[in-house]
Amino acid sequence: MSKPTVVLAYSGGLDTSVAIRWLQEHRDVDVIALAIDVGQGVDDLDEIRQRGLDCGAVESLVVDAREEFAAEFLAPALRANALYMGKYPLVSALSRPLIVKHLVRVARERGAAGVAHGCTGKGNDQVRFEVGTMTLAPELDTLAPIRDWGLTRDAAIDWANARDIPIPIKKKSSPYSIDENSWGRTAECGILEDPWAAPPEDVYERTVSIDEAPADAEELVLRFVAGLPVALDGRELPLHELVDEVDRRAGAHGVGRLDMIEDRLVGIKSREIYEVPGALTLITAHRDLEDLTLEKELAEFKRLIEGRYAQLVYNGQWFGPLKQAFDRFIEESNRAVNGEVRVRLHKGSAFVVGRRSDDSALYDLDLATYDEGDLFDQSLAEGFVKLWGLPLRTWAATTQRRGETL
Ligand code: ARG
């Protein structure tokens, strides 16, 4: 009888490269390696595909999913202004469900018994892979070779070298653990584990330091339709290209560095360094346009659920019913988020300096102006204020009658 097959989420990096062999030796399975390009800046997908085979995979597949990632994962996150703990734009949390989708697709196409990932037992990504898989395909098993094995990085390198597994770095020097995609770049480990130690400059790749940022500001004009950016400086671009370009331009001004202590789902607090110039610039612009175009009650309610939305995504519930229901509400809420936003990039900041909307602005100069032509009827304000304050006046008078001080 032939061995069972598992489809491994393969990055081409150390952990998943050694995982291929380990799964064969210790779980007696055939491994299909599946690498997904989500904009992590790999130059050569073919090289990764070949490495998967060289490490022992029976089949090695690569998928360029950059467009899909932007359209199906970044778009809803942007419309939701999704920031975990009010700060982190969910870089890794967004790519994992996309990878899961493809793992499940390939597993079903090949009749595989399960899927596998290269996460340790300490992070969120294991949760996202496994909960994502059980939500899309409850019949599939998930294997977690790196978590089961419990190897340190150095030991993994020794183990691979002893077997001539062609891992990417043969020296024991890479100081950080990096995850990257079009929405940003994450860094952990090494000196970063001391939350008091300022991150060394060599952590950063997608942003310049504020010192190095140009003295002169630069402006971007982003045009949005239904809550999504469709053009940059008048040039229409597909979302994935637009995200890349905004990321590059904002990063060149030192925008988007985050240094934070994060609450992981597994209960640990960790120190994380993020570079998210494009994500933060786009969320800043999108929020501003919502302020211009969303009716007040809708805007308030949407803000109320945004944090919850980010938690669901962070915690691996991308495919769950609450997140899906939120997506429908958010999409509907953004139907008329149309218009343009001017964003100035300067010395580490991205800030909005102008916004307009031909068909959806709820800003009405005739109502807002303090100059000639004011159409706001101020005489109505007197009665309005009295009625608005009536509950408090009644409460205060009653409280005083009881002899209590206010
Ligand atoms: N802490 C971030 C998150 O949970 C980043 C995780 C990065 N993942 C990684 N395997 N290095 O989303």
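Residues numbered from 1 in each chain as written. Predicted model: local features only at pLDDT ≥ 70, side-chain atom pairs only at ≥ 80, totals over all residues. Heavy atoms only, no water.

You will see that Ala 226, though not glycine, has its phi angle at about 50 degrees, which is positive. Secondary-structure assignment places Ala 226 in the loop between strand E8 (218-225) and strand E9 (228-232). Of note in the backbone geometry, Asp 233 takes a positive phi value of approximately 50 degrees without being a glycine. Mapped onto the elements of the fold, Asp 233 is located in the loop between E9 and strand E10 (235-236). Classification of Asp 233 by relative accessible area gives partly exposed; the value is 38%. (Helix = DSSP H or I, 4+ residues; strand = E, 2+ residues; numbered from the N terminus. Buried < 20%, exposed > 50% of the residue type's maximum accessible area, 1.4 Å probe, protein only.)

With that settled, the discussion passes to the nonpolar core. One recurring pattern in soluble globular proteins: nonpolar side chains tend to sit buried together. Membership of the largest hydrophobic core comes to 78 residues, with the highest contact counts inside it found for Leu 90, Leu 94, Trp 183 and Leu 222. Per element, the largest residue contribution to this core is 10 residues, and it comes from helix H4 (residues 91-110). Dropping the residues within four chain positions of it, Leu 222 is found in contact with Ala 231, Leu 232, Leu 242, Val 246, Leu 282, Ala 285, Gly 339, Glu 340, Val 341 and Val 343. By size, the runner-up hydrophobic cluster in this structure holds 26 residues, among which are Trp 22, Ala 35, Ala 160 and Ile 167. (Core = buried A, V, L, I, M, F, W, Y, C linked by side-chain atoms within 4.5 Å. Contact = heavy atoms within 4.5 Å.)

Let us look at the confidence of the model for the protein chain. Looking at the protein chain, pLDDT values average 95 and 98% of them are 70 or higher. Summarising per-element confidence for the protein chain, the mean pLDDT is lowest in helix H7 (residues 153-162) (87) and highest in E9 (99). (pLDDT = per-residue confidence, 0-100.)

Within the secondary structure, Ala 368 is located in helix H12 (residues 365-368). C-alpha separation for the pair Ala 368 and Gly 389, spaced 21 residues apart in sequence, amounts to 23 Å.

Glancing now at the packing of H4 against helix H5 (residues 125-136). Each packed pair of helices is defined by two parameters, the angle between the axes and the distance between the axes. Contact geometry for H4 and H5: axes closest at 9 Å, N-to-C directions at 45 degrees. Classified by the angle their axes make, H4 and H5 are oblique. Crossing handedness for the pair H4 and H5: right-handed. Contacts between H4 and H5 involve Ser 92, Ala 93, Arg 96, Ile 99, Val 100, Lys 101, Leu 103, Val 104 and Arg 108 from the first element and Asp 125, Arg 128, Phe 129, Gly 132, Thr 133 and Leu 136 from the second. (Axes fitted to C-alpha atoms, helices over the stretch in contact; angles between N-to-C directions. Parallel < 35°, antiparallel > 145°, perpendicular 65-115°, else oblique. Left-handed = near helix turned anticlockwise from the far one by under 90°.)

The next thing to look at is the sheet that holds strand E13 (residues 339-346). As summarised here, the arrangement of the five strands in space is E10-E9-E8-E13-E14, forming an open sheet in which the pairing is antiparallel. The open sheet has two edge strands with one neighbour each: E10 and strand E14 (349-356). Sheet topology places E8 next to E13; seven bridges connect them, and they run antiparallel. In the strand pairing of E13, Val 221 is matched with Arg 342. The strands touched by helix H9 (residues 277-293) within the sheet are E8, E9, E13 and E14, with E14 carrying the most contacts at an inclination of about 30 degrees. (Pairing = 2+ DSSP bridges.)

Now for the site of the ligand. Of all residues adjacent to the ligand, which total 14 residues, the nearest are Tyr 88, Asn 124, Asp 125, Arg 128 and Glu 262. Between Asn 124 and the ligand, the recorded distance is 2.7 Å, taken from a side-chain N or O atom to an oxygen atom. Glu 262 is positioned such that a nitrogen or oxygen atom in its side chain is 2.8 Å from a nitrogen atom of the ligand. Coverage of the ligand by the protein chains reaches 87% of its 350 Å² of free accessible surface. The set of elements that each furnish at least two residues to the shell around the ligand consists of H4, H5, strand E6 (177-181), strand E7 (184-188) and strand E12 (269-275). Broken down by class, the residue content of the shell around the ligand amounts to three nonpolar, four polar and seven charged. (Near = heavy atom within 4 Å. Polar contact = N/O pair within 3.5 Å; in protein donor to acceptor, adjacent residues only side chain to side chain. Areas by Shrake-Rupley, 256 points an atom, 1.4 Å probe, with all protein chains shown as cover. Nonpolar A, V, L, I, M, F, W, Y, C, P; charged D, E, K, R; others polar.)

The next point concerns the pairing of strand E11 (residues 257-263). Burial of E11 is one-sided: the residues Leu 258, Met 260 and Glu 262 facing one way are buried, the residues Arg 257, Asp 259, Ile 261 and Asp 263 facing the other way are not. As paired elements, E11 and E12 share seven bridges and run antiparallel to each other. Bridged to Ile 261 within E12 is Arg 271. Linking E11 back to E12 in an antiparallel pair, the connection comprises five residues, with Gly 267 at a positive phi of about 95 degrees.

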